[in-house]
Amino acid sequence: MSSTLLLVGLGIAAVLVASRALAVRTGLPYPVFLLVAGAVAGFLPGIPVFHLQPDVVFLGFLPPLVYHAGVVTSPREMRANALPIGLSALGLVLVTTFAVAAVVWAAEPQLGFVAAFVLGAIVAPTDPVAATSVLNRLGGPPHVTVILEGESLVNDGIALSLFSLGLAALATPTGLAGGITTFAKIAGGGALFGLVVGWVAARVRRPLRDSASQIVVSLLLPYIAYLPANALGLSGVLATLVAGLVLGQRPVAALGPSGRIRAAEFWEVLVFLLESVLFVLVGLQLHQIVNGSAKVSGGETAVVAAAAVATVVVVRLMWQLAVPTVRWRPEGRLVDTG
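Residues numbered from 1 in each chain as written. Predicted model: local features only at pLDDT ≥ 70, side-chain atom pairs only at ≥ 80, totals over all residues. Heavy atoms only, no water.

Asks: Explain the overall build of the protein to me, please; I cannot follow it from the model alone.
Replies: Along the protein, the regular secondary structure elements total 13 helices and zero strands. Ordered by position in the sequence, the α and β elements of the protein form the string α-α-α-α-α-α-α-α-α-α-α-α-α. Every one of the 338 residues in the protein was classed for burial, and the buried ones make up 37%. Accessible surface for the protein amounts to roughly 17,900 Å². Of this, 72% is attributable to carbon and sulfur atoms. (Helix = DSSP H or I, 4+ residues; strand = E, 2+ residues; numbered from the N terminus. Buried < 20%, exposed > 50% of the residue type's maximum accessible area, 1.4 Å probe, protein only. Areas by Shrake-Rupley, 256 points an atom, 1.4 Å probe, with all protein chains shown as cover.)

As structure tokens, this is what we get:
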């Protein structure tokens, strides 16, 4: 077993290096190659079946990735684009979730609205990697990239809050008023908890003068925010994100420039490894998805998948026409596209 894990680890390392090289040559985002490599590897003979447990993602990968994204986010750009980011991260995710739920429920009534709502929460948030990669390559407006990246920071927490609400409703049905109250508690309470953790952590780490201690503390902080928030029934993702945003605005004065560089380089490598391994592991799940889908009607699966994808695309396009967040300038006006 240990030799198999070692071989798998070496294989993943080789895929990481090859994907980076291919990304440089082709201009495509490297996660594309990681996903494809993982998907292909899952069908190769001799590759052990690996079931990616939710706890592995939520505890092993999510807290440090979300925390780092909050820390490196520019507070000035977030404040300047707060309106379009907030409208997309909250409004668009809510609209997409309910739209997907309604369309999928209409297409497959036996699925039930709550189950369709859970599916909507899963597909509602978007990832900016591919979009920002194309924008950067084509020289797109910088504020559009800021909006997309800022939206992606918050929309995962909102979507996971809706996802948790849907799972709870599957076990214990609740009404609309109860659902709104629960969502406000999960999302708002998580953000408030993260604010407190960030404020306290900023003062606790202030006396530390060596980079090694600061790095160790920074590794603990995502879990200090995430785990208690989850235990209290709040959004651990939003708590971790807000804590990262708070600490990102307060650089450690006691740490010199060289110490800050070492800490930044450590986190850059760690985030790259976590993201890369996660993409490969997600690709490996394709084999199990194919095997699992064989147990249900292929027609029903195709209908649900097509309905969900089409709804997400249509809603996002209509949202940009009705609520032109991408064309919103930091100065508080719309770009004239006429």
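Let us keep going from here.
Asks: How do you make sense of the nonpolar core when you look at a structure like this?
Replies: Side chains that are nonpolar tend, in soluble globular proteins, to be buried together. Residues Val93, Val104, Ile158, Leu162 and Phe183 are the most contacted members of the largest nonpolar core, which totals 28 residues. Going through the elements one at a time, helix H3 (54-72), helix H5 (82-107), helix H6 (113-123), helix H8 (142-171), helix H9 (176-204), helix H11 (236-248) and helix H13 (298-322) are the ones with two or more residues in this core. Tallying contributions element by element places H8 first for this core, with six residues. Not counting chain neighbours up to four residues away, the residues in contact with leucine 162 comprise Val93, Leu94, Thr97, Phe117, Ala121 and Phe183. (Core = buried A, V, L, I, M, F, W, Y, C linked by side-chain atoms within 4.5 Å. Contact = heavy atoms within 4.5 Å.)

Asks: Explain the packing of helix H10 (residues 211-231) against H11 here, please?
Replies: Angle between the axes and distance between the axes: these two values describe a pair of packed helices. Axis separation between H10 and H11 bottoms out at 8 Å; the angle between their running directions is 145°. In this structure, the crossing between H10 and H11 has a hand that is right-handed. Together, Leu221, Pro222, Ala225, Tyr226, Ala229 and Asn230 of H10 and Gly236, Val237, Ala239, Thr240, Ala243 and Leu247 of H11 make up the contact between the two elements. Of the residues that constitute the contact of H10 with H11, the class distribution is nine nonpolar, three polar and no charged. (Axes fitted to C-alpha atoms, helices over the stretch in contact; angles between N-to-C directions. Left-handed = near helix turned anticlockwise from the far one by under 90°. Nonpolar A, V, L, I, M, F, W, Y, C, P; charged D, E, K, R; others polar.)

Asks: For this particular structure, what's the right way to read H3?
Replies: Residues separated by three or four positions in an α-helix point in the same direction, a consequence of the helix having 3.6 residues per turn. Here H3 contains 19 residues, and its C-alpha end-to-end distance of 26 Å stays within 8% of the 27 Å for a straight helix at 1.5 Å per residue. Its axis deflected by about 45° at leucine 62, H3 carries its strongest bend there, up to four residues before the proline proline 63. By the burial criterion, the buried members of H3 are Phe61, Leu62, Pro63, Pro64, Leu65, Val66, Tyr67, His68 and Gly70. (Expected span 1.5 Å × (residues − 1). Bend = angle between axes of the 7 residues up to and from the residue.)

Asks: Hey, could you run me through H5 in this one?
Replies: Here H5 contains 26 residues, and its C-alpha end-to-end distance of 36 Å stays within 8% of the 38 Å for a straight helix at 1.5 Å per residue. Bending of H5 peaks at approximately 25° at the position of leucine 92. Among all positions of H5, only Pro84, Ile85, Ser88, Ala89, Gly91, Leu92, Val93, Thr96, Thr97, Val100, Ala101 and Val104 are buried.

Asks: What should I look at first to understand the environment of leucine 234 in this one?
Replies: Relative to the helices and strands, leucine 234 is located in the loop between H10 and H11. With relative accessibility at 15%, the residue leucine 234 sits in the buried group. As a C-alpha pair, leucine 234 and glycine 189 span 45 residues in sequence and 5.8 Å in three-dimensional space.

Asks: Before we go on, may I ask you to explain a nonpolar patch on the surface in this structure?
Replies: Taken together, the side chains of Leu192, Leu195, Val196, Trp199, Val200 and Val204 make up a nonpolar region of the molecular surface, amounting to roughly 580 Å² of accessible area. Overall, the relative accessible area of 55% leaves leucine 192 in the exposed class. (Patch = residues over 30% accessible without salt bridge, like charges linked within 9 Å, V, L, I, M, F, W, Y side chains within 5 Å. Salt bridge = Lys/Arg side-chain N within 4 Å of Asp/Glu carboxyl O.)

Asks: Explain the confidence of the model for the protein to me, please; I cannot follow it from the model alone.
Replies: For any part of a model where pLDDT is low, the fine detail of the predicted coordinates should not be relied upon. Residues with a pLDDT of 70 or more make up 82% of the protein, whose mean pLDDT is 79. Ranking the helices and strands of the protein by mean pLDDT puts H6 first, with 90, and helix H7 (residues 129-138) last, with 59. (pLDDT = per-residue confidence, 0-100.)

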